[in-house]
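Examining the three-dimensional arrangement
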Amino acid sequence: MSSETPFKIDVPDEKLTILHAKLELATFPDELEDAGWTYGPPLADMKRLTERWKNEYDWRKHEREINEELPMFTRDIDVDGFGALNIHYVHKKSESVDAIPLLFCHGWPGSFLEVRKILPLLTASAPEHPSFHVVALSLPGYGFSEAPRKQGFGANQYAEVAHKLMIALGYNEYVTQGGDWGGIITRRMASLYGGRYHKAWHTNFPIAVPPSWKTPLSFLSFLLTPWSIEEKAGIERTKWFRTKGMGYFTQQSTQPQTLGYSLADSPAGLLAWIYEKLVLWTDNYNWSDDEVLTWISLYWFSRAGPAASVRIYFEMHGDCEDIGQNPTIPMGASFFPKELVVLPAAWLRKSNNLVFESHHKTGGHFAAIERPEELVRDVRKMFAKGSPAFAIVPGRTGYA
Amino acid sequence: MSSETPFQINISDKKLSILRAKLELATFPDELQDIGWKHGPPLADMKRLVERWRNGYDWRKYEKELNQELPMFTRNIDVDGFGTLNIHYVHKKSKTVDAIPLLFCHGWPGSFLEVKPLLSLLTASSPEHPSFHVVALSLPGFGFSEGPHKPGFAVDQYAEVPHKLMIALGYNEYVTQGGDWGFVITRRMAAKYGGKHHKAWHTNFPMYMSFSRSLLIHQLISSLIRADPPSWKSPLSYLSYLLTPYSAEEKAGFERTMWYRNKASGYFIEQSTFPQTLAYGLTDSPVALLGWIYEKLVTWTDDYKWTDDEVLTWISIYWFSRAGPGAAHRIYSEVYADFYYAGRTSHPAIPMLILLPSKWLRSLNNVVIESHHTSGGHFAGYERPEVLVEDVRKMFAKGGPAFAIVPGRSGYA
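Residues numbered from 1 in each chain as written. Chains lettered and ligands numbered in written order. Predicted model: local features only at pLDDT ≥ 70, side-chain atom pairs only at ≥ 80, totals over all residues. Heavy atoms only, no water.

**Notes on the overall build of chain A**
From N to C terminus, chain A includes 17 helices and nine strands. Here the C-alpha atoms of chain A give a radius of gyration of 21 Å, agreeing with the 21 Å that 2.2 N^0.38 yields for 400 residues. Projecting the C-alpha coordinates of chain A onto the three principal axes gives extents of approximately 60 × 55 × 40 Å. Counting only residues that meet the buried cut, chain A has 62% of its 400 residues in that class. The long-range fraction of contacts in chain A, counting pairs at least 24 apart against all pairs at least 6 apart in sequence, stands at 78%. With the model as given, the accessible surface of chain A reaches about 15,000 Å², and the carbon-plus-sulfur share is 54%. When the 41 basic and 47 acidic side-chain charges of chain A are each reduced to a single mean position, those positions are 5 Å apart. (Helix = DSSP H or I, 4+ residues; strand = E, 2+ residues; numbered from the N terminus. Rg over C-alpha atoms; globule rule 2.2 N^0.38 Å. Buried < 20%, exposed > 50% of the residue type's maximum accessible area, 1.4 Å probe, protein only. Contact = heavy atoms within 4.5 Å. Areas by Shrake-Rupley, 256 points an atom, 1.4 Å probe, with all protein chains shown as cover. Lys, Arg positive; Asp, Glu negative; His and termini not counted. Charge placed at Lys NZ, Arg CZ, Asp CG, Glu CD.)

**Some words on the packing of aromatic side chains**
Residues and elements named next belong to chain B. Tallied over the entire structure, the rule returns 51 aromatic pairs over all chains. Seen from their ring centres, Phe 153 and Tyr 158 are 4.8 Å apart, and the 85° between their planes marks the pair as edge-to-face. By the burial criterion, Phe 153 is buried, and Tyr 158 matches it. Relative to Tyr 332, the ring of Phe 268 has its centre 5.4 Å away and its plane inclined at 90°; by these criteria the two rings are edge-to-face. Residue Phe 268 is found in helix 10 (residues 266-273), and its partner Tyr 332 is found in helix 14 (residues 330-336); the two are separated by 64 residues along the sequence. Residue classification places Tyr 332 among the buried residues on the basis of a relative accessible area of 2%. By way of ring pairs, the aromatic residues Trp 108, Trp 181, Tyr 267, Phe 268, Trp 300, Tyr 304, Trp 306, Trp 314, Tyr 332, Tyr 336, Phe 379 and Tyr 382 are connected into one cluster. (Phe/Tyr/Trp six-rings, centres within 6.5 Å; stacked < 30°, edge-to-face > 60°.)

**Let's talk about the sheet that holds strand 9 (residues 354-359) of chain A**
Residues and elements named next belong to chain A. Spatially, nine strands are ordered 1-2-3-5-4-6-7-8-9 in an open sheet, and the strand pairing comes out mixed. Because the sheet does not close on itself, it has two edges, and the strands there are strand 1 (5-7) and strand 9. Each neighbouring strand pair of the sheet contributes to a mean axis angle of 25°, computed without reference to strand direction. Where strand 4 (residues 100-105) meets strand 5 (residues 132-137), five bridges bridge the pair, whose relative direction is parallel. Across the sheet, residue Leu 103 finds its bridge partner in strand 5, namely Val 135. In the packing of helix 5 (residues 155-168) onto the sheet, the strands contacted are strand 2 (72-79), strand 3 (83-92), strand 4, strand 5 and strand 6 (174-178), and the crossing angle to strand 2 comes to about 120°. (Pairing = 2+ DSSP bridges. Axes fitted to C-alpha atoms, helices over the stretch in contact; angles between N-to-C directions.)

**Some thoughts on the interface of chain B and chain A**
Counting residues at the interface gives 57 residues for chain B and 58 residues for chain A. The junction of chain B with chain A conceals about 5,100 Å² of combined surface from both sides, 58% of it contributed by carbon and sulfur atoms. On the chain B side of the interface with chain A, the three residues burying the most area are B:His39, B:Phe274 and B:Tyr280, jointly 16% of the side's total. Across the contact surface, chain B and chain A share two salt bridges. Across the pair B:Asp30 and A:Arg311 runs a salt bridge, and its minimum N-O distance is 2.9 Å. Counting across the chain B and chain A interface gives 37 residue pairs in polar contact (both at pLDDT 80 or more). No other element matches the nine residues that helix 11 (residues 275-284) of chain B contributes to the side of chain B that touches chain A. The residue makeup of the side of chain B that touches chain A, split by class, is 27 nonpolar, 18 polar and twelve charged. (Buried area = accessible area lost by both parts, 1.4 Å probe. Salt bridge = Lys/Arg side-chain N within 4 Å of Asp/Glu carboxyl O. Polar contact = N/O pair within 3.5 Å; in protein donor to acceptor, adjacent residues only side chain to side chain. Nonpolar A, V, L, I, M, F, W, Y, C, P; charged D, E, K, R; others polar.)

Printed below as a string of structure tokens:
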């Protein structure tokens, strides 16, 4: 007796009316001469997007498309100490009966919608590659999932929700794919549920610490090994992120509600806050205006409201930085050059059971949107015949 | 032939109705249980303030009061490389003819408004204490001053404007009082114009910022307080630093500083890196602006009993500002791009007064007088006007270290 209910997005008319009323009143700052992207999204972009959102953009059309493309559901998941949260998720099975159950986990400012392009590819049946039954949840506080109502909902809780969802769907053993918070959360899942339930994890957001002087040989090698061109570029990118890109992170980790008042009251404010990331965190991805507006609308119309989505930073602060306990289950890592933190793969190999890695020449933070074929190719390779993670879920090779 | 024009605040009816229309549509987030101030201003505060702002708060009443109490003007100030900016300022003379010309310089999220409780005290004539002719400008981009239109308007430029304003007003020699950005700016004024024009400076926000080329390095070497401790490079200082026990007050100071660094720096980093991203929300939503600034008004003050109308007037000045609510905080990104603002070479030699002194600061500045207070916070002039004015008077008093520092202007009746 599950509480699973089929779900279709159906934003009430009243919400659309309020959005339009606010957009009608939208007021803009000026801009310094030749500012470009130096200080944030250019004024011209913002005006164009806001104008479209107000007039031509047809939310109902995109809502309909999402409903048609993505089989969605909700069900209650009980979280220790937090009661039941109603969780929204996409669930699509492959035609291959013994496809590998895979949980796709988004981050911020992402959403369940990031599974859109990879879903048909992951579930596709073929004799040449493994296929997957895919579950893509909306994390608590995102999309159409309920948000926690009290403090202390951290990495363990997010991991618990995702894990319990897979179990509830009958996937006693499963693998995961995640980036951003999805990478952190699936990593925590691997630590908590790895081996018995969680069999392997793939991430496009590989994080690692450099070898410390406490392991002298590694450290020496770290000091002496010259960096490759890609590694140098990765370090530059990382430096950029750490010196220029941490404003949102610091604000959201310390005073999320202060920011929340802006995100909840101003669609233009929400648009700017997220659109900045959509552009700066991707590798020259050609966002269409409607793609952007649908992405932002999901935040605007989210069940818990946009302010709830940033609380994860506060709750995880200090917790997720504990790299300490490395999971032991097989790990796969895809490196994209315009990810936010791009560190030498050697650091990852030392401290994880890394069975698969790939290095791409293009692509950024939102790999599932920017490079869906490459990402899926990586995941398939990780679980392919002859690979260390082949048939890691017993009885589920995923081959047609 | 000056361009000085008397100025009265007169916000258009249209602006008032746009504000009201937006407040009518205000939508709020939910809130976690028992969260209090942990994540920012509590929802109940925000709803109450927004409701009052929408219905009950009378801007015209406070606009009239400001116009009556503060003699205000605008004039054009030419800034090298940036053209002319029309600058808004308060200017009130003491009845004492040879009062000391004093520039009061606000910061963020402050404004010229902060001079209001200080004005009559500073200008008051008496045989017992010095008095001052007071000039309180709105920094470019704040209040009713024009904002710069191109990038690169950094500390030198922010210092140039008030200096030129004092000169334009006939105050060839002057002293300053400033906190927050007012500290940084008056410090630069001291470095550039000190001795000849700028004769002494008082601050309620003493800091020494480490010179660094990146936040990473800054984090590595910067100290507990933004006044760096002596480094091992100057062994005697360092030894003294290691051996000297810290007072209870200093320990409390460290804790407060750690709180700021760990819990309250988000605005600083966002404003230093992506001010325009932030500007869109602050310009479109009065609720956003209220939340962003109100958080500081409460967490940066020492239990100051803000009335709702006081808060709303403060925020309204930002909302109705000439350059718009998204412009003022560009100062963070423009200055941060210019690491010279830390200026190892620009230790001013002219006398300064500091509150909450650090032994570390004395070695870098010509500190002539210090005072410690057991209460009060960031907006010192606003929270403790009598106390601040008393300090300033002491600094320039007969027998004081900066008496008659402006020749011919002892300030005594």
